[in-house]
Amino acid sequence: QAHALGTEGPDATAKIALRLPAGQRAQRKFPPDAKLADVYTWAGCVGHLPENEGRGLEIPRRFVLKTSFPTRDLVAMDSTIQELELSGTNLVLAELEDDEEHPAAMG
């Protein structure tokens with residue numbers, strides 16, 4: 001999955017910061033027309049990307065991404081970063097319990 005992300009190109013102008021459950025942070029720039037599904041793919045493999053090597057980032061097996069304020073679950077996988085107004089935002093990666101049902105659950 002990490003290879004599918006490619007590199008940040010010149011069209012990647014929408015910066016998204018991610019806060020992990022352990023308090024660690026990661027960030028990446030995406031094209032504004034990238035889908036929310038792309039952000040989930042990045043979040044799921046962020047600990048394995050070369051720029052985060054050796055940082056010990058721990059990603060839960062099942063998670064949902066949320067906006068930090070006001071809090072809302074991000075579940076519209078086909079919506080773009082621009083449509084969701086996510087550029088310049090801090091997202092929270094929240095762990096889901098194994099028995100917790102969620103439409104955007106990864107894992």
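Positions within a chain are numbered from 1, following the residues in the order the chain's sequence is written. In keeping with the model being predicted, local features are shown solely for residues with a pLDDT of at least 70 and side-chain atom pairs are shown and tallied solely at 80 or more, while totals for entire chains, interfaces and linings include all residues. Calculation of side-chain values draws on the structure's entire complement of heavy atoms; hydrogens and water are dropped beforehand.

Engineer: Outline the side chain of Gln 24, listing residues and values.
Structural biologist: In DSSP terms, a helix is any run of H or I states spanning at least four residues, a strand is any run of E spanning at least two, and both are numbered starting from the N terminus. If you trace the backbone, Gln 24 turns up in the loop between strand 1 (14–19) and strand 2 (25–30). Polar contacts here mean pairs of N or O atoms no more than 3.5 Å apart (in protein, one a potential hydrogen donor and the other a potential acceptor; neighbouring residues in sequence count only if both atoms are side-chain atoms). Separated by 3.1 Å, the side chain of Gln 24 and the backbone oxygen of Gly 56 make a polar contact.

Engineer: Would you mind going over the pairing of strand 2 in detail, with residue names and values included?
Structural biologist: Only one face of strand 2 is buried, namely the one carrying Ala 26, Arg 28 and Phe 30, since none of Arg 25, Gln 27 and Lys 29 on the opposite face is buried. Two strands pair if DSSP finds at least two bridges between them. Relative to strand 2, strand 1 is paired through six bridges, and the arrangement is antiparallel. By the bridge assignment for strand 2, Ala 17 is matched with Gln 27. Linking two consecutive strands that pair antiparallel, namely strand 1 and strand 2, is a turn of five residues; a positive phi of about 95° is found at Gly 23 within it. Note on exposure labels: buried denotes an accessible area under 20% of the residue type's maximum, exposed denotes more than 50%, and partly exposed covers the range between, all computed with a 1.4 Å probe on protein chains only.

Engineer: Describe the environment of Glu 85, with residues and values.
Structural biologist: For Glu 85, the position within the fold is in the loop between strand 4 (71–73) and strand 5 (89–95). It is 9.4 Å that separates the C-alpha atoms of Glu 85 and Ala 14, two residues lying 71 residues apart in sequence.

Engineer: An account of the packing of aromatic side chains is requested, with residue identities and associated values reported.
Structural biologist: What counts as a ring pair is set by centres within 6.5 Å for rings of Phe, Tyr and Trp (its six-membered ring), and what kind of pair is set by the plane angle: stacked under 30 degrees, edge-to-face over 60, tilted for all other angles. Tallied over the entire structure, the rule returns two aromatic pairs. Seen in terms of ring centroids, Tyr 40 and Phe 63 are 5.8 Å apart; in terms of plane orientation they differ by 10°. Their pairing is stacked. Residue Tyr 40 is located in helix 2 (residues 36–45), and its partner Phe 63 is located in strand 3 (residues 63–68); the two are separated by 23 residues in the primary sequence. With respect to class, Tyr 40 is no different from Phe 63; both count as buried.

Engineer: Lay out the pattern of salt bridges with the relevant residues and their values.
Structural biologist: By definition here, a salt bridge exists when the distance from a side-chain nitrogen of Lys or Arg to a carboxyl oxygen of Asp or Glu is within 4 Å. In total, this model carries one salt bridge according to the counting rule given. With a closest N to O distance of 3.3 Å, Lys 66 and Asp 73 form a salt bridge. Residue Lys 66 is classed as partly exposed on the basis of its relative accessible area, which comes to 23%.

Engineer: Tell me about the environment of Lys 15, residues and numbers included.
Structural biologist: Considering the arrangement of structural elements, one finds Lys 15 in strand 1. The sequence separation of Lys 15 and Pro 32 amounts to 17 residues, and the corresponding C-alpha distance is 9.1 Å. We call two residues contacting when some pair of their heavy atoms lies within 4.5 Å. Setting aside anything within four residues of it in sequence, one finds Lys 15 in contact with Gln 27, Arg 28, Lys 29, Leu 86, Ser 87, Gly 88 and Thr 89.

Engineer: If you had to explain the side chain of Thr 67 to someone new, which residues and values would you point to?
Structural biologist: Examined against the element boundaries, Thr 67 turns out to sit in strand 3. One polar contact links the side chain of Thr 67 to the main-chain carbonyl oxygen of Pro 70, over a distance of 2.6 Å. Excluding residues within four positions of it along the chain, Thr 67 makes contact with Arg 72, Leu 74, Leu 86, Asn 90 and Leu 91.

Engineer: Go over the sheet that holds strand 4 with me, naming the residues and quoting the values.
Structural biologist: Spatially, five strands are ordered 2-1-5-3-4 in an open sheet, and the strand pairing comes out mixed. Only two strands of the sheet have a single neighbouring strand rather than two, namely strand 2 and strand 4. Ignoring strand direction, the axes of neighbouring strands in this sheet form an average angle of 30°. Across four bridges, strand 1 lies against strand 5 in parallel orientation. Across the sheet, the residue bridging to Ile 16 is Thr 89, located in strand 5. Comment: axis = line fitted to C-alpha atoms, over the contacting stretch for helices; angle = value between 0 and 180 degrees taken between N-to-C directions.

So far we have only geometry, and geometry alone does not tell us how the molecule works.
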